[in-house]
Every structure is written in C-alpha cells, then in structure tokens.
Amino acid sequence: MNAPLKHRRKIAVATWVAPRESRIQTKIQVELTAILDYLEQTKHQAITLTHIVGAALARAIAANPEVNVRVVFGKVKPFPRIDLSFAVNLDSGSDLAQCRIKDADKKTLFQISQELIAGAEKLRAREDDNYQTSVGWAKTVPTPFMKLIMKFLSFWSGGLGKRAFGQTGHPLGSAFISNVGTFEMHEAYLAPLPFARTPIYIAIGKIHDAAVVIEGKVEARPVVIIT
C-alpha cells in the first residue's frame, strides 16, 4: 500500500463511525446542451463543468442562507461566509485533498476557475503548507490517539472555526464538491466528513447521453447526474 493511501485510511478509520445524524440524499439529471456550447465558447478560459456547478451552488446557498450552518454546542450557528471546497485527486487518484474557495458567492465563474486551478496545481506540487502539515501529523500520531484528535478537530476546527493540525477553521466550508465522473461513474453519493460539520456534499457524475423529452419528443441528449 502506498504511503498517502495508508495515511488516509488511518484518518478514515478514526473518523467514521455508524451514522447518528439525519441525511437527505437526492439527485438531479441536468440536460447539458447549452452548457456544453458555453464551455466550447469559453475553452480558452479553462472553465469546466465543475466550476459551473460550484458557482451555481454558491449562489444558491446565498439565496437560501438557512442551509449555510453548522451545529455548535447543540445550537445551529451560521458560517461566517460561503466557502466551497473541491476535491483534488493527487498521484493519479491514490490520494485526495481539498481546495477551498473563500467567498465563492462573491466571485465570478472565471475567478473560481482560476483559483481552483492554481490551488490544485499547488497541492499536486506538494507546495500547500496546510496539506503537508496534515499529512505530517497523520504519519506520526499513533493510531489509538487518532479518534481523540478527530473529536478535538470536530469541536475546534469544524465547530469553532479555529486552526489545528494543518486544518483551517471550517476546513470544508459550506459545501464540498467532487467530480466522480473522472472515475467513469455516472453517479455516487459522498460520505459526509463528520469533523468538518459541512452541511452539503455534491457529486458530479460523468457526462453521458440519455433519453430526454424535448417539446414532447424523446431525444438523445448529453446529461449529467448531480447528487
């Protein structure tokens, strides 16, 4: 087993237990003809479907602020702003990191695109200090103590929004987005990360053709399933 995967599994074992919280899981199929035309027109800007979903989600959260919350001391508390985290695959998918975009609802689609591209490049070059610090302590902390650390992070970072062990306050922000289509999956449901106390998880599937009713007629159109 390679080292990054070993450390990630170590964290996972200390993080996930039988779920106690309620969850609502749903999916929507989006017809993409107009969006794909737009992406073709703006390909010089390196905008992708993931960036579009992120920009739309940030604006949806801004329009519905009651979802932008976490639980602290048994009370529902709002996040200070709308930050989005995007999953970034490292080492050909053997490791995973997150790139956070702050104040995503106040940024243009192009700004989100450029910031995410730059953040992903920094992570893949192992130049992101927060990620490197997190990996470092995951290597050194004995497995029996990991659960205690994750509980502390849940309260300190996820709840109170304070830095610790290389994790920023509110480490995943208001929502976490992962493009599972890169793994040839049409749809998937993400496992919430309890310590982050993030209310929304979005998975973007692989673009594929499907039967869609257009003006009363069934046609094959490009679609994506978002869960």
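Report on the accompanying structure.

Reading the values: rules and limits
- Residues numbered from 1 in each chain as written.
- Predicted model: local features only at pLDDT ≥ 70, side-chain atom pairs only at ≥ 80, totals over all residues.
- Heavy atoms only, no water.
- Helix = DSSP H or I, 4+ residues; strand = E, 2+ residues; numbered from the N terminus.
- Rg over C-alpha atoms; globule rule 2.2 N^0.38 Å.
- Buried < 20%, exposed > 50% of the residue type's maximum accessible area, 1.4 Å probe, protein only.
- Contact = heavy atoms within 4.5 Å.

Right, let's talk about the overall build of the protein for a bit. Secondary structure summary: the protein contains six helices and nine strands in total. For a compact globule of 227 residues, the expected C-alpha radius of gyration is about 17 Å, and the protein comes in at 18 Å, within 12% of that figure. In terms of overall dimensions, the protein has a C-alpha envelope of 60 × 40 × 35 Å along the principal axes. Across the 227 residues in the protein, those meeting the buried criterion constitute 42%. Taking the intrachain contacts of the protein between residues at least 6 apart in sequence as the baseline, contacts between residues at least 24 apart amount to 61%.

What follows is about unusual backbone geometry. Phi at Phe 73 is positive, roughly 55°, even though this residue is not glycine. Even without a glycine there, the phi angle at His 170 is positive, about 50°. Summarising the element assignment, His 170 is placed in the loop between helix H6 (143–159) and strand S6 (175–179). The exposure class of His 170 is buried, given its relative accessible area of 10%.

Here the focus is the environment of Ala 18. By the secondary structure assignment, Ala 18 is in the loop between helix H1 (3–15) and strand S1 (28–31). Of the residues examined, Ala 18 reaches a relative accessible area of 58% and is grouped as exposed. Along the backbone, Ala 18 and Gly 74 are 56 residues apart, and their C-alpha atoms lie at a distance of 20 Å.

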